[in-house]
Amino acid sequence: MDKLLAPTFAPDERVAQVKETLQCSSQALRIAVNDDIGVPDRFLAALPAALKIDARVAILSLHSREDRRVKKAFQSGERS
């Protein structure tokens, strides 16, 4: 009966599934430990006060969550 409930994968597929699961888990842990969401938010909130008039800033983001937050912060800064 257990064989009916458990999905069966070819050996190569099983290795790929395990690798993907470990990569996702590793990324989630890194994001949580490094506070990859909170740190950029605090940085972006403090940034306008730290810049001189007509200053320029370049920001590199490592994943789409960071990229989205940076874009929204710049858009809201332009509006205000």
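Fair warning: this is a prediction, and the values are worked out from it, not measured in the lab.

**Q** Can you break down unusual backbone geometry residue by residue, with the values?
**A** At D35, a position not held by glycine, the phi torsion is positive, near 50°. Summarising the element assignment, D35 is placed in the loop between α2 (11–34) and α3 (38–50). Of the residues examined, D35 reaches a relative accessible area of 30% and is grouped as partly exposed.

**Q** Please provide a residue-by-residue account of the confidence of the model for the chain, values included.
**A** On average, residues of the chain score 84 in pLDDT, and 88% of them are at 70 or above. Averaged pLDDT values over the elements of the chain bottom out at 57 in helix α1 (residues 2–5) and peak at 90 in α3.

**Q** Describe the pattern of salt bridges, naming the residues involved and giving the relevant values.
**A** All told, the structure shown has 4 salt bridges when counted by the stated rule. Of the charged contacts in the structure, one is a salt bridge between R69 and D41, with a shortest N-O distance of 3.2 Å. Within this pair, whereas R69 is found in helix α4 (residues 64–79), its partner D41 is found in helix α3, the two being separated by 28 residues in sequence. Take R69: its relative accessible area is 33%, and that puts it in the partly exposed class. Of the charged contacts, one joins K71 and D67 as a salt bridge, the two residues approaching to 3.1 Å between their closest N and O atoms. Of this pair, K71 and D67 both sit in helix α4, separated by 4 residues, roughly a single helical turn. The class for K71 is partly exposed, based on a relative accessible area of 48%.

Conventions and cut-offs
Residues numbered from 1 in each chain as written. Predicted model: local features only at pLDDT ≥ 70, side-chain atom pairs only at ≥ 80, totals over all residues. Heavy atoms only, no water. Helix = DSSP H or I, 4+ residues; strand = E, 2+ residues; numbered from the N terminus. Buried < 20%, exposed > 50% of the residue type's maximum accessible area, 1.4 Å probe, protein only. pLDDT = per-residue confidence, 0-100. Salt bridge = Lys/Arg side-chain N within 4 Å of Asp/Glu carboxyl O.

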